[in-house]
Amino acid sequence: MKVMVIVKASADSEAGRMPSAAELTAMGAYNEQLVAAGIMLAGEGLHATARGHRIQFGDGAPAVQPGPFGPAEQQIAGFWLWDVRSLDEAIEWARRAPFKSGDALELRPLITAEDFGEAFTPELQQQEQRLRNQIDA
């Protein structure tokens, strides 16, 4: 099962404060464990929302809204993509993450083909596979 682990933003991350060398070292060691266990597929940090934009869709043309967005605890500061046996395994790994008091993670399983049911026709499945093959190439 693939799980996205969402690192929730904080006042520090939204202020653009980068982690200290000690925090980067601790996170690097944690990421090494995830990779060694064969769990980590991807992981990235995100700049503060002040450097981002939102595209809002409605009846007319999509509207572009520059950041920042608030409140901080409702934003995303980074993510991992993990391949685990179960959500319980993801939770156990997430509990080991080297974050400080007040920080938060959100774990969200990725949707699979089976989740779409009959709406995901054989033709749509073939299209999806073709696109994934193009991405991998």
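Below is a summary of the structure that appears in this document. As a convention, each chain's residues are numbered from 1 in the sequence order in which they are written. Local features are withheld for residues below a pLDDT of 70 in this predicted model, meaning they are given only at 70 or higher, and side-chain atom pairs are given and counted only at 80 or more; totals for whole chains, interfaces and linings count all residues. Neither water nor hydrogens contribute to the side-chain values; these are computed over all heavy atoms in the structure.

**Describing the pattern of salt bridges**
- Here, a salt bridge means any side-chain nitrogen of Lys or Arg that lies within 4 Å of a carboxyl oxygen of Asp or Glu. Counted by the stated rule, this structure contains seven salt bridges.
- Residue Glu92 is joined to Arg95 by a salt bridge in which the shortest nitrogen-to-oxygen separation is 3.1 Å. Of this pair, Glu92 and Arg95 are both found in helix 3 (residues 87–95), three residues apart, which corresponds to roughly one turn of the helix.
- Residue classification places Glu92 among the partly exposed positions, given a relative accessible area of 38%.
- Among the ionic pairs, Glu128 bridges to Arg132, the shortest N-O distance being 2.8 Å. Residue Glu128 and its partner Arg132 are both found in helix 5 (residues 122–136); the two are separated by four residues, about one turn of the helix. In DSSP terms, a helix is any run of H or I states spanning at least four residues, a strand is any run of E spanning at least two, and both are numbered starting from the N terminus. Summary of the burial criterion: residues with accessible area below 20% of their type's maximum are buried, those above 50% are exposed, and those between are partly exposed, where the area comes from a 1.4 Å probe applied to protein chains only.

**Section: the nonpolar core**
- Among buried residues, the Ala, Val, Leu, Ile, Met, Phe, Trp, Tyr and Cys ones that are joined through side-chain atoms within 4.5 Å form a nonpolar core. By size, the foremost hydrophobic cluster in this structure holds 16 residues, and its most contacted members are Tyr30, Leu34, Ile39, Trp80, Trp82, Val84 and Trp93.
- Elements represented by at least two residues in this core include exactly strand 1 (2–8), helix 2 (21–36), strand 5 (76–83) and helix 3.

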